[in-house]
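# Commentary on secondary and tertiary structure
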Amino acid sequence: YPDTPLGGWLGGSEDCEHWNSNAIFAKLHRNRRSLCVDLKQNAGRDLLLKLAACADILLENFSARTMQDFGLGHDVLVQANPRLINVSLPGFGADGPYSSWVAFGLTVEAMSGLTQVMGYEDGQTRNSTIALNDPMTATHAAAAAVEALNRRQLTGEGEFIELTLHECGVAFSGHWLVAQQLGETLEPAGNQHPGLPFQDVFRASGDDRWLAVSCADQAMLDRLGSFLSCDSLSLPVVLERWVAERDVFEACNVLQAQGIAAGVVSGVDDMLADPQARERGFFSYSERTGETMPGNPIQMSGLDSRQWTRCPDLGEDNAAVLSGWLDLPETEVHRLMKAGILADQPPG
């Protein structure tokens, strides 16, 4: 674990169980159960195979050879459960010249073509800082798993699915691949958009306040020019001056009233105070220490983030999962804990 993880520590400081207070971990693992098994031991491997026999989906994002090295490749898993949907998310895939390469957010993002079009005219490239390939791949994986479940209803058979961080990022860059093959020169786009007539970010009144303005079509651009009483050539300069003289929220509201797409470049304080998100009850809270966290953006019957459970401690649900899934008695769970097959903290 780094000295300061992404998002920091819940409560503002590292406690004696730092693996349970990593902010981003706690955010992403709410509403789940935590079972901690040592797969390097044969007993741990056997335990996972018993769990796989009861499961619909097994999803892992180890490096390409890890599951095979554990003796848990798909050929083994499918023997335990022919109906299992096994989803693997390696960095580059199980074959090919990069299959053994180490994959991480910045490097895979750069190799996917995204970095090429990010940045400004100063010539320095930029990255997203949030490892866009991770959520891209996770979204593809969720869709693939649902499709495999639907297919299983017809065939009765499971499926092995492999998605790589690299290829999911390249798929996201598809239109740029086509554009360059058709003769276009790809350069960093800054705040512009190649498919829109006008888009940029402007400094507003106050300390480091900025407003994003985007015109989706010529009609919206004409409407903006009419509002500012200027032609399209002078519009960027006139709009820059107009925004600079105003509070960023005032400028945003005025432009939106004219039917112009505008949005405040928001910091954390702005997001937490945002009346739209607050009225819709979007935010949730850390049950441990009270920090505000994003809720579930999906609204549908049966989903309510106010009913979510907190991120469990590592291995907190060892007994509950094993007794519920495998009917293991409490004495056996204690034996596995004592033997180091189960754990409630990282090794070392």
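Residues numbered from 1 in each chain as written. Predicted model: local features only at pLDDT ≥ 70, side-chain atom pairs only at ≥ 80, totals over all residues. Heavy atoms only, no water.

A word on a nonpolar patch on the surface. Judged by side-chain polarity, L6, I24 and L28 come together as a nonpolar surface patch covering roughly 270 Å² of accessible area. Structurally, L28 can be placed in helix α1 (residues 23-28). Residue classification places L28 among the partly exposed positions, given a relative accessible area of 45%. (Patch = residues over 30% accessible without salt bridge, like charges linked within 9 Å, V, L, I, M, F, W, Y side chains within 5 Å. Areas by Shrake-Rupley, 256 points an atom, 1.4 Å probe, with all protein chains shown as cover. Salt bridge = Lys/Arg side-chain N within 4 Å of Asp/Glu carboxyl O. Helix = DSSP H or I, 4+ residues; strand = E, 2+ residues; numbered from the N terminus. Buried < 20%, exposed > 50% of the residue type's maximum accessible area, 1.4 Å probe, protein only.)

A word on helix α14 (residues 318-326). Along α14, the residues that are buried comprise N318, V321, L322 and L326. Around the axis of α14, the buried residues are gathered within 90° of arc, so they sit on the same side. Looking at the buried side of α14, the elements it contacts are α2 (42-54) and α15 (330-338). Once α14 finishes, D327 follows within two positions and takes phi at roughly 60°, a positive value. (Arc of directions from axis to C-beta. Contact = heavy atoms within 4.5 Å.)

Judged by nonpolar contacts, the single largest core of 23 residues is most densely connected at F198, L211, V213, L224 and L239. Put simply, the parts of the chain that give this core at least two residues each are β4 (198-203), β5 (210-215), α9 (218-228), α10 (235-244), α11 (248-257) and β6 (261-264). Residues contacting V213, with those up to four places away along its chain left out, are F198, Q199, D200, F202, L224, L239, L255, I260, A261 and A262. Judged by nonpolar contacts, the second largest core, of eleven residues, contains L39, A55, L58 and L77. (Core = buried A, V, L, I, M, F, W, Y, C linked by side-chain atoms within 4.5 Å.)

Considering only enclosed or pocket space, the second largest pocket measures out at about 480 Å³ in volume. Lining the second largest pocket are 21 residues, with V117, W176, A189, Q192 and P194 sitting closest to its centre. Taken together, the elements giving at least two residues each to the lining of the second largest pocket come down to α8 (174-181) and β4. If you tally residues by element for the lining of the second largest pocket, the top one is α8, at three residues. Grouping the constituent residues of the lining of the second largest pocket by class yields eleven nonpolar, eight polar and two charged. (1 Å grid on protein atoms, 1.4 Å probe; cavity = no way out; pocket = protein on both sides within 12 Å on 5 of 7 lines; lining within 4 Å. Points joined across faces, edges and corners; volume = space filled by probe spheres on them. Nonpolar A, V, L, I, M, F, W, Y, C, P; charged D, E, K, R; others polar.)

A packed helix pair is summarised by two numbers, namely the angle formed by the two axes and the spacing between the axes. At a minimum axis distance of 9 Å, the contact between helix α6 (residues 133-155) and helix α7 (residues 165-172) shows a crossing angle of 95°. Relative to α7, α6 is oriented roughly perpendicular. Taken together, the residues of α7 that come into contact with α6 (itself represented by N133, D134, M136, T137 and H140) are L165, H166, C168, G169 and F172. Residues of the contact of α6 with α7, tallied by class, amount to four nonpolar, five polar and one charged. (Axes fitted to C-alpha atoms, helices over the stretch in contact; angles between N-to-C directions. Parallel < 35°, antiparallel > 145°, perpendicular 65-115°, else oblique.)

With the exception of glycine, the majority of residues adopt a negative phi angle, and the majority of peptide bonds are in the trans configuration. At A131, a residue that is not glycine, the phi angle is positive and equals roughly 55°. In this fold, A131 is placed in the loop between α5 (105-111) and α6. Residue A131 is classed as buried on the basis of its relative accessible area, which comes to 17%. Not every positive phi belongs to a glycine, and D208 is a case in point at roughly 55°. Relative to the elements of secondary structure, D208 occurs in the loop between β4 and β5.

Relative to the helices and strands, F283 resides in the loop between α13 (275-279) and β7 (284-285). With relative accessibility at 19%, the residue F283 sits in the buried group. Each C-alpha atom, one on F283 and one on G183, is 46 Å from the other, the two residues being 100 residues apart in sequence. Discounting residues that sit within four places of it in the chain, F283 has contacts with M271, L272, A277, T292, M293, P294 and G295.

Unfilled space is identified by rolling a water-sized probe across the atoms. Inspection of every chain in the model, using the stated rule, returns one cavity of 30 Å³ or more. Its volume calculated, the largest cavity comes out at about 40 Å³. If you trace the largest cavity, you find it lined by L10, A26, R30, S286, E287, R288, M293, R310 and C311. Grouping the amino acids of the lining of the largest cavity by side-chain chemistry returns four nonpolar, one polar and four charged.

Taken in spatial order, the three strands line up as β4-β5-β6 in an open sheet, and their pairing is antiparallel. Of all the strands in the sheet, the pair left with one neighbour each is β4 and β6. Neighbour-to-neighbour, the strand axes of this sheet turn through a mean angle of 15°, independent of strand direction. Pairing of β5 with β6, which is carried by four bridges, proceeds in the antiparallel orientation. Within β6, the residue paired with S214 across the bridge is A261. (Pairing = 2+ DSSP bridges.)

Here we take up the side chain of R152. With respect to the element layout, R152 can be found in helix α6. At 2.8 Å, the side chain of R152 and the side chain of D56 are in polar contact. Among residues more than four places away in sequence, those in contact with R152 are D56, R83 and E157. (Polar contact = N/O pair within 3.5 Å; in protein donor to acceptor, adjacent residues only side chain to side chain.)

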